[in-house]
Amino acid sequence: MRILWLKTELLHPIDKGGKIRTYQMLKELSRNHHITYLTLDDGTADLDAVELAQEYAHDVVTVPHKVSPKFSPRFYFEIAGNMVSTLPYFMEKYRSPQMQTEISRCLANSRPDVLVCDFLQASINLPDAVDVPTVLFQHNVEAMIWRRHADVASNRLKRAFMNIQWKRSVRYESETCNKFDSVVAVSKEDAEVFRRDYQVPNVFDIPTGVDTEFFARRKEQISTRPNIVFTGSMDWLPNNDGIGWFIKEILPSIRQQVPEVTLTVVGRDPLPELTEIARRDTSIIITGRVPDVRPYMEDAAVYVVPLRIGGGTRLKIYEAMSMGLPVVSTTIGAEGLPLLDGEELLLCDKTEEFAKTVAELLSAPQSAMSFAKRGSARVRQNFSWKGVADRFGEICESTKNINVSPRFIFE
C-alpha cells in the first residue's frame, strides 16, 4: 500500500508525545508499506532531521514554513489578527499555499492508495479536490482541549479568548472530521466523542503503545531519594498549566509531610515564569530539553501527571510505568488509558488528595516499588507499538477499498 502522510513538522528531535506516536507507528508501517512523508518545516528540527526521516519514510517532501514563537511580538500580532478570523489560531498558523500545491503534486504524480492527515492541523492545507481515500489521525479531540483551557482560566480576558477558540474549534473540527472517509482516535473515549458530538460515521480507535525495550530500568531499585519527576513538552499549554498547579497548590502540602522533597521537570522550552520559580526555589529543577529522559526518571521515586487540561492519551504514563515508577495522575491526565486506579496507577483530582498520595509513596519506597511493579508488568505485556501500527494499517487498508470519485471537497 502507498501512503501519503501529511504532517506539520519533521519528527527529529522526537521530544513530545505526538512525535513519539507518529515515529513509532511509521517505523513499523514502513516495513510493509511505502510511505511518502510530506510536511511543513519551520526550521526548528534537528539539522539531520530530513536524513533521519529515512528511518520511517521512503520519500520525504518538506515545505518551508515560518511559525511565530509563542509570546513573541509577532505571535501577539497574529493573535490579535485572529480575532477577526473564523478559524481557530492553532489551525490558521499552519496555512501554507505551497504545501497545498505539493499535496496536489504528490496526489497526481505518486497516486497513493490512501492519504493520511496526521493531526487536525495538517488538514488546513488540503486542496479543494482529493480523489483518493482519506484518513484523519486524531491524537486529541482538539476542541476539548480549548474548552478545558477556558474552564481553568482565572483571567477573564484569557477565558474569553479560550472560549472563542473553543467555539471555532468545535465548528472546524466537526466539519473537517466529516469530510474524511475514516477518522482514527487514540482512545475509545475520544472515538465516542467524534461519534456523539460530531456525528462522524466511520470512526476507529487504536491503543497507545510504548517502546518497552527503550523504557527499561537499568537500576533495579527505584530511588529512595524523595524526588518527584514530571516529563513533557513544556511549551504545550496543558503541561505548563498542570505543573504550575502542582507547584503552587500541591507541592507545598507534600513539603509539610516530606520536607526534603524535590521536583524535577524535564521537557523542552519551559516558559519564563517556570524557570523563574526554579531560580527562586533550589528544590525545583527545570532541565529544558534533554537528549534522554530515562536518567531523570531513574533518579525519581514518584512520577506525576497533574494535568487539568488535555485530550487524547498520555504516552508518558506508559513510559513511566515501563520504567517501573509509581504513577500519580489526575483523571484527565490518564484519560483514555485502560488502566485500573489503585491497581496500576493512582488517580487523584483534589489538591490535598494528590499531595497525600505522593507523600505516602515517598515515605514508603518499598511499598511504592511493589505497586510500580504491577503497572510495569501490565504495560510490558499488553502495549507494543507493532500491534498499534498493525491495527492502523488495517484501518488504512479498509479505507483504501472505499470507492472514491473526485467529489472529496475541502472548501
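Criteria and thresholds
- Position labels on residues start from 1 in each chain and follow its written sequence.
- Note on the predicted model: pLDDT of at least 70 is required for a residue's local features to be given, and 80 or more for side-chain atom pairs to be given and counted; whole-chain, interface and lining totals, by contrast, use all residues.
- Hydrogens and water molecules were not included; the side-chain quantities draw on all heavy atoms of the structure.
- For the exposure calls, accessible area comes from a 1.4 Å probe over protein chains only, and a residue counts as buried if that area is under 20% of its type's maximum, exposed if over 50%, partly exposed in between.
- Strands here mean DSSP runs of E at least two residues long; helices mean DSSP runs of H or I at least four residues long; both are numbered from the N terminus.
- The criterion for strand pairing is that DSSP finds at least two bridges linking the strands in question.
- Every crossover in which the path from the first strand over the helix to the second runs clockwise, viewed with the strands pointing away from the viewer, is termed right-handed.
- Between the rings of Phe, Tyr and Trp (Trp by its six-membered ring), a pair exists once the centres lie within 6.5 Å; its type follows the angle of the planes, with under 30 degrees stacked, over 60 edge-to-face, and the other angles tilted.
- A ring has a charge above it when a Lys NZ or an Arg CZ is no more than 6 Å from the ring centre and no more than 35 degrees off the ring normal.
- Here a polar contact is recorded for every N or O atom pair within 3.5 Å, except that within protein the pair must consist of a potential hydrogen donor and a potential acceptor, and residues adjacent in sequence are included only if both atoms are side-chain atoms.
- For this analysis, residues touch if any pair of their heavy atoms sits within 4.5 Å.
- Whenever a carboxyl oxygen of Asp or Glu lies within 4 Å of a side-chain nitrogen of Lys or Arg, that contact is scored as a salt bridge.
- Throughout, an axis means a line fitted to C-alpha atoms (over the contacting stretch in the case of helices), and angles, computed between N-to-C directions, take values from 0 to 180 degrees.

Draft legend 1. Looking closely at the pairing of strand 9 (residues 227-231). Within strand 9, five of the five residues are buried, which leaves the element mostly enclosed by the surrounding structure. Residues Asn227, Val229 and Thr231 point to one face of strand 9 and Ile228 and Phe230 to the other, with burial holding for every one of them. Note that strand 9 and strand 10 (residues 262-266) share five bridges and pair parallel. If you follow Ile228 over to strand 10, its bridge partner there is Leu263. Assessed by its sense of winding, the connection that carries the chain from strand 9 through helix 9 (residues 237-257) to strand 10 is right-handed.

Draft legend 2. Looking closely at the packing of aromatic side chains. A full pass over the atoms with the stated rule returns 15 aromatic pairs. A ring pair is formed by Phe75 and Tyr89, whose centres lie 5.7 Å apart and whose planes are at 85 degrees; its orientation type is edge-to-face. A residue pair is termed long-range when its members are at least 10 positions apart, and Phe75 in helix 3 (residues 73-82) and Tyr89 in helix 4 (residues 89-92) qualify at 14 residues. Each member of the pair, Phe75 as well as Tyr89, is classed as buried. A cation over an aromatic ring shows up here: Arg294 above the ring of Phe214, its NZ or CZ 3.6 Å from the ring centre.

Draft legend 3. Quick look at the side chain of Ser329. Looking at the element boundaries, Ser329 is found in strand 13 (residues 327-329). Engagement of the side chain of Ser329 in a polar contact is seen with the backbone oxygen of Val305, the distance being 3.4 Å. Polar side-chain contacts of Ser329 include one of 3.3 Å to the backbone nitrogen of Ala334. Beyond its immediate sequence surroundings of up to four residues, Ser329 is in contact with Val305, Ile317, Ala334, Leu345, Leu346, Leu347, Cys348 and Phe354.

Draft legend 4. Expanded view of the pattern of salt bridges. Taken as a whole, this structure holds 27 salt bridges when the rule is applied. With a shortest N-O distance of 3.3 Å, Glu298 and Arg218 are connected by a salt bridge. Highlighted residues: Glu298 in helix 11 (residues 294-298) and Arg218 in the loop between strand 8 (203-205) and strand 9, separated in sequence by 80 residues. Here Arg391 ties to Glu394 by a salt bridge, and the two come within 3.6 Å at their closest N and O atoms. Placement of the pair is Arg391 and Glu394 together in helix 15 (residues 385-400), with a separation of three residues, close to one helical turn. By relative accessible area, Arg391 is classed as partly exposed at 32%.

Draft legend 5. A look at the sheet that holds strand 8. Strands sit in the order 3-2-1-4-6-7-8 across an open sheet of seven strands; the sheet is parallel. Both edges of this open sheet fall to strand 3 (59-64) and strand 8, since each of them pairs with a single strand only. If you compare each strand with its neighbour and ignore which way they point, the axes differ by 20 degrees on average. Relative to strand 7 (residues 182-185), strand 6 (residues 134-138) runs parallel, the two sharing four bridges. Bridge pairing in strand 7 places Gln138 opposite Ala185. Sheet contacts for helix 1 (residues 17-29): strand 1 (2-7), strand 2 (34-41), strand 4 (114-118) and strand 6; angle to strand 1, the most-contacted strand, approximately 165 degrees.

The analysis is restricted to geometry; functional conclusions fall outside its scope.
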